[in-house]
Amino acid sequence: MKIKNITFSITLSRTLSKRFILSVFGVAILSLIGSSSVNAQDANISNFTTKIDELTSKSAQEKVYLHMDKPYYAIGDDIWFKAYTINAKTGLPSTISGLLYVELINEKDSVTKQLKLPMRSGITWGDFKLTDSLSEGNYRVRAYTQWMRNAGENFFFDKTIKIGNSWANKVFTKSSNVVSSENNQQKVTTTIQFTDKQNIPYTNAQINYEVKLNNKTVERGKGTTNAEGEITIETVNKQPEALKSGQIIANITLPNKQVVNKEIPLKTTSKDVDVQFFPEGGKLVEGLPNKVAIKSVNSNGLGELTTCIIINNEGTEISKLETNKLGMGSFFLNPAAGQTYKANLTFSDGTKKTVNLPIAEKSGRVLSVSNLDSTKMSIKVYFTEDLLNKEDNYLIAQHNGIVYFSTKVASSKQVVSLTVPKDSLPSGILQISLLSSTFMPLNERIAFINNLYDKIDVQPENLNTSYGKREKVDLSLATSNNGKPVQGSFSVAVTNTTAVKPDPENETNILTKLLLTSDLVGYVEKPNYYFLNNDRNTRFDLDNLLLTQGWRKIDWQQINSGVETPPKFLVEKKMQISGTVTRSGKPVVKGKVSLVSFTGGFFMTDTLTDDKGRFNFDIEFLDSTKFVVQARTDKDRKFVDIVMDKVPGMLTSKNPNTGDIEVNVNQALASYLQESSRYFDDQTKRGLLNRTILLDAVNIVEKRKPTHNSSNLGGAGNADAVFTAKDLETAFSLSQYLQGRIAGVQIRNGQAFARGSQSPMVIMLDGMNMGEEFNLDDLVVQDIETVEILKSIGTTAIYGMQGGAGVIVINTKRGDGVRSVNTYTPGLINFNPKGLSVVREFYSPKYDVKPDSRPDLRTTVFWEPQMVSDANGKAKISYFNTDVPGVYRIVVEGIDVNGNLARKVLNYEVK
């Protein structure tokens, strides 16, 4: 059959001089793309790509990455970090937002610390001090801007880090799980060993425990440890497909009668392996070659090595493959008409499972991408015969809203192919979409591009291969891009691999986050594995990752309609205090508003309201600053209402990084904890580090029933639950703290609802009914003395009809804790907004200026969050090594004004 040549027009947005080779059934046609190609392009597709650009520019998202000084920590450490925030569309340092929120989240998914930091061109830095009020565990560091919340948490920086505790710890736990099947249910047998710091077991110790799976209590009990300090807990998992993880909360009573609480993660509560198949482009089509990817994930959240045999409904073997170590692989399948297919799977432990493949469609298109070549990418579109010479389609390739090429795809031939040179594309994820004639998605595929031209090369100029203890390191670095010097902002971390052992494949770095994982849904195991090498096998594994975890980032229907969804969260450019003044429900125009603070000295300023009663103060202030806001009408009348603008707090979802959770944190970090404890003990002797919790319990001669001031009509403490100021010490907001802590009560949008009730629980604040519109987050948590929950008939009866939906009694602090009468002052309110966090400086000794003979046992040798290269691309740092020999590791990361990224790892030895 003679094949007729077809010429396509392609618009290339970035490099208009690049050449594209198109072929139909192997017949190649060379099309030169120049400035005239836009005019030759189909008007419809040109208009459509313009819509994409306009909409994605207006709603351009941000991505954020945090460079940390270490991959894991110990109680007593500081988590030093630098934040890089970029405009997701342009890849440039972001100028959208001016404020960044960074949070430390514990294993209960509660925010223990929050920092609010000012950003300049997407750059900021800070630290978390890990005090001994925290326990060991799997923590998360989360970072975001308010603008990012409009697109959900997928763009957030959310990393799980292990924090061990040896320096301020008396009880160490080690647990193991065995999962077995019994009567179609799965039994989880957990053995927990309790030891002291010297690894001596706590024998004959009483243990009270509670087992939770997915935050649902499934078992409670108590027991006594054996001669090895062990206790065994058996739990029946009646829903293994739904309840795959959880925790055991254990309270151990020590010989001195001190009770210590421990939380042990239950990572494996099911033997089930989740296996999914993903046809390339989204669909299997009969009679066409289809690439199909497989992903196997075990109950630990990690990839499971799997052998897969594909058979048809007649039992004939069609294909056989073995996944890689991360549980991913792919194969080709050409579905025959009327045939169905299934996969017989064998896992690493010998267990077997059978899974049906998706049913192939009789008519359709297949979008196929080959991305294994290092210099070019091949794209093919296949049509079933019934679609030939009918509707033409469009092929669009875009990166975060910037269209890099687009073309009309005629349906006159059954296969259309396109070859794209990779040096014309930016590093990162490219989304390739086949659209209908009305620009609705038919097939979609993502591919990863990793070019060198948009990376910063960092080279050391005077780094020795070895140094001595406490020797000064004067390091000069040369930074360039395509041979030209660059001015950029960089961060540098130096650690000793003797204490801080790197895990190269599992590292999260500026490249893995900003180029890869921020554009994928779900947990990515060993993200840096895909960047350590750029060989064919790595590209094959990376392509399988994208086949199994790709997602649609553009709403094509919204592009077509042109209707924009207004953002719920506005851009925060700077610190502001704003609100509205009304009188009898109407805005107060040209009213005088005064802002006063006595925190750290006297401060006062004022402004006038606009025609909508709005007022605004542009002011930077530190956290814990308290303000008084006073408003008057233009005729100096004080009976007005002031409503302050407040952004609702960000809720914490379940940890998405299940594969990074370590069950035995202290054991996993044993060598690091040993090194860090020596350092902390030395710092404590010097008076530079203090414990806030005494390790030994104080013997109490007489116990008295705790009392507190309360406006509860039924009497202080006559409640179903009571939370004190101590309980709320680490709470970020009241709604966040109460969520999940009260049985039968749900927290929604800052209000509490008893199960089955459509009305919110009544809020009684210092004896005053605050009404149904009151939001729990209108209160500053630090101002609360107690919260009493009344939901049973015995506690709510005294409130009569108003207590029918339940009552929350909130008692605030008054100076020294003695409750005073709550008085309303017209036109005057107290306001305690979240302020900026103090940025501290990393301590680096200068032995050439101030010699010190005391031991130097720092685990982070050096941290510099803001190393700036000059016009010649040169940057310099200086620091002193510690007393600990070993291989020292320097990690440099950064960005320049053009959005080019840098990462460089250097090593030297200290003898």
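Provided above is the structure to which this section pertains.
Keep in mind the model is a prediction, meaning the values are calculated, not measured.

### Some points on the overall build of the protein
Secondary structure assignment for the protein yields ten helices and 56 strands. Expected size for 911 residues packed as a compact globule is a radius of gyration near 29 Å; at 31 Å, the protein falls within 12% of this value. Dimensions of the protein, computed from C-alpha atoms along their principal axes, come out at roughly 100 × 80 × 70 Å. Put simply, of all contacts in the protein between residues at least 6 apart along the chain, 70% involve residues at least 24 apart. The centroid of the 107 positive side-chain charges in the protein is displaced by 1 Å from the centroid of its 96 negative side-chain charges.

### Digging into the nonpolar core
Among the nonpolar cores identified, the biggest contains 68 residues, and Leu66, Met68, Ile79, Val102, Val141, Leu516 and Tyr530 are the most heavily contacted of them. Among all residues touching Leu66, those that are not within four sequence positions of it are Phe81, Lys82, Ala83, Val102, Val141, Ala143 and Phe157.

### What about the side chain of Glu103?
Secondary-structure assignment places Glu103 in strand β7 (residues 99-105). One polar contact links Glu103 to Arg142, side chain to side chain, over a distance of 2.7 Å. Ignoring sequence-local partners within four residues, the contact set of Glu103 consists of Val111, Lys113, Gln114, Phe128, Arg140, Val141, Arg142, Tyr144 and Phe732.

### Considerations on the sheet that holds strand β48 (residues 762-765)
Strands sit in the order β45-β50-β51-β48-β49 across an open sheet of five strands; the sheet is mixed. Whereas interior strands pair on both sides, the edge strands pair on one side only; in this sheet they are β45 (721-724) and β49 (768-769). Looking at chain direction, β48 and strand β51 (residues 807-812) are connected through four bridges and run parallel. Among the inter-strand pairings, Val762 is bridged to a residue of β51, identified as Val807.

### Things to note about unusual backbone geometry
Unusually for a residue other than glycine, Asp109 sits at a positive phi of about 60°. Inspection of the secondary structure puts Asp109 in the loop between β7 and β8 (111-118). With a phi angle near 65°, Asp636 is a residue other than glycine that sits in the positive phi range. Take Asp636: it is sitting in the loop between β43 (627-632) and β44 (641-644).

### Thoughts on the pairing of strand β11 (residues 157-164)
Judged by how many residues are buried, β11 sits mostly within the fold: seven of eight residues are covered. Where strand β5 (residues 73-74) lies against β11, two bridges are found, and the strand directions are parallel. By the bridge assignment, Tyr73 is partnered in β11 with Ile163. In the sheet, strand β10 (residues 137-144) pairs with β11 via seven bridges, with the strands oriented antiparallel. Within the sheet, the bridge partner assigned to Val141 lies in β11 and is Lys159.

Cut-off values and rules
Residues numbered from 1 in each chain as written. Predicted model: local features only at pLDDT ≥ 70, side-chain atom pairs only at ≥ 80, totals over all residues. Heavy atoms only, no water. Helix = DSSP H or I, 4+ residues; strand = E, 2+ residues; numbered from the N terminus. Rg over C-alpha atoms; globule rule 2.2 N^0.38 Å. Contact = heavy atoms within 4.5 Å. Lys, Arg positive; Asp, Glu negative; His and termini not counted. Charge placed at Lys NZ, Arg CZ, Asp CG, Glu CD. Core = buried A, V, L, I, M, F, W, Y, C linked by side-chain atoms within 4.5 Å. Buried < 20%, exposed > 50% of the residue type's maximum accessible area, 1.4 Å probe, protein only. Polar contact = N/O pair within 3.5 Å; in protein donor to acceptor, adjacent residues only side chain to side chain. Pairing = 2+ DSSP bridges.

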